[in-house]
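Examining the three-dimensional arrangement
Take a look at the letters that make up each chain.
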Amino acid sequence: MLPGYELLRSSYRLASSLAYLATLPLGWYWCTFQRVKWRYGWRLYGRPRFRVRGANARIRIGERLVARSRSDGNCIGVFQPVIITAWGRNALVEIGDDAAMSGCSITAEERVTIGNRVMIGAGALILDSDAHPLDPWERFKGGRACTAPIVIEDDVFVGARAIILKGVHIGKGAVIAAGAVVVKNVPAYTIVGGNPARPIGQVPVVARFAAEAISW
């Protein structure tokens, strides 16, 4: 590799690191103002919206979060900021370490639990309630919508513009295809797609391990 190129690359890395360090105070203030605790290693591209509405509502997010609220680094673009909402008296959104998300919306009126190393694509929607009552008279009266907790285990990949609805449990390592509408539980290491989402394959790593086990 040419010495000049190596120097240029090192200078770029240094400049990027300094730019990131310069944004830390602003990011810390932005999160604290919205009642969310800043954690080690967070990288915020643009300004996410954290909405905590309720006396005991909470949003808890682990370390090394990457949240893209603008199109930098996202090949398909981002059409909205990352929006994470705890909307209810005891609502809780809990996200583990090393999560990465782009322009998605996560809303809990009861509870949404997301594990470690989960990736969520642009425009995805995760919602633990129907938002409004299904009965028209109840809607007219402003009644409460049905809710049920959502659990997304470690290492799940949620594709762009997928929708995950109330009461769903998604197993470890599963893949939710782009545009899928998930209304039922998804087994671990299963690929689902369509509306409503159905199994369309297995995560390749599982197939390889299964083949190796048979060969033994």
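Above this text is the structure in question.
Residues numbered from 1 in each chain as written. Predicted model: local features only at pLDDT ≥ 70, side-chain atom pairs only at ≥ 80, totals over all residues. Heavy atoms only, no water.

1. With respect to the overall build of the chain
Looking only at helices and strands, one finds 3 helices and 19 strands in the chain. Looking at the 216 residues of the chain, the share that counts as buried comes to 37%. When contacts within the chain are restricted to residue pairs at least 6 apart in sequence, long-range pairs at least 24 apart make up 32% of them. Approximately 12300 Å² of the chain is accessible, and the part contributed by carbon and sulfur atoms is 60%. (Helix = DSSP H or I, 4+ residues; strand = E, 2+ residues; numbered from the N terminus. Buried < 20%, exposed > 50% of the residue type's maximum accessible area, 1.4 Å probe, protein only. Contact = heavy atoms within 4.5 Å. Areas by Shrake-Rupley, 256 points an atom, 1.4 Å probe, with all protein chains shown as cover.)

2. Looking at the packing of aromatic side chains
The tally for this structure, following the rule as stated, stands at 2 aromatic pairs. A centroid spacing of 5.4 Å and a plane angle of 45 degrees characterise the contact between W38 and W42, whose relative ring orientation is tilted. As far as the burial class goes, W38 and W42 line up, both buried. Centroid distance W42 to F50: 6.5 Å. Interplanar angle 50 degrees. Geometry classified as tilted. The burial state of W42 is the same as that of F50; both residues are buried. Among the aromatic side chains, those forming a connected cluster through ring pairs are W38, W42 and F50. Stacked on the ring of Y45, the Lys or Arg R68 has its end atom at 4.2 Å from the ring centre. (Phe/Tyr/Trp six-rings, centres within 6.5 Å; stacked < 30°, edge-to-face > 60°. Lys NZ or Arg CZ within 6 Å of the ring centre and 35° of its normal.)

3. Considering the nonpolar core
Counting residues in each nonpolar core, the largest one holds 43 residues, and the members touching the most others are I84, M101, I106 and I120. Residue assignment for this core shows that the elements contributing at least two residues are β2 (49-53), β3 (58-61), β5 (83-87), β6 (92-95), β8 (105-108), β9 (111-114) and β12 (150-152). Setting aside residues no more than four positions away along its own chain, I120 makes contact with A100, M101, S102, C104, I106, I114, I126 and V158. (Core = buried A, V, L, I, M, F, W, Y, C linked by side-chain atoms within 4.5 Å.)

4. Notes on the pattern of salt bridges
Counted by the stated rule, this structure contains 8 salt bridges. For R64, the salt bridge identified is with E63, shortest N-O distance 3.1 Å. According to the relative accessible area criterion, E63 is partly exposed, its value standing at 26%. Linking D154 and R117 is a salt bridge whose minimum nitrogen-to-oxygen distance equals 3.9 Å. (Salt bridge = Lys/Arg side-chain N within 4 Å of Asp/Glu carboxyl O.)

5. A word on the layout of surface pockets
What the second largest pocket holds in volume is close to 210 Å³. Around the second largest pocket sit 15 residues that line it, and N74, S102, M119, I120 and G121 are the ones nearest its centre. When contributions to the lining of the second largest pocket are tallied by element, the ones reaching two or more residues are β4 (66-68), β7 (100-102) and β10 (119-120). For the lining of the second largest pocket, the leading source of residues is β7, giving 3 residues. (1 Å grid on protein atoms, 1.4 Å probe; cavity = no way out; pocket = protein on both sides within 12 Å on 5 of 7 lines; lining within 4 Å. Points joined across faces, edges and corners; volume = space filled by probe spheres on them.)

6. Considerations on unusual backbone geometry
The peptide bond linking N195 to P196 adopts the cis configuration, its omega dihedral lying at -5 degrees. Relative to the helices and strands, P196 resides in the loop between β18 (190-193) and β19 (198-202). In this structure, R64 takes a positive phi of about 60 degrees despite not being glycine. You can call R64 partly exposed: its relative accessible area is 32%. Located in the positive-phi region is D155, a residue other than glycine, with phi close to 65 degrees. Tracing the chain through its elements places D155 in the loop between β12 and β13 (157-158).

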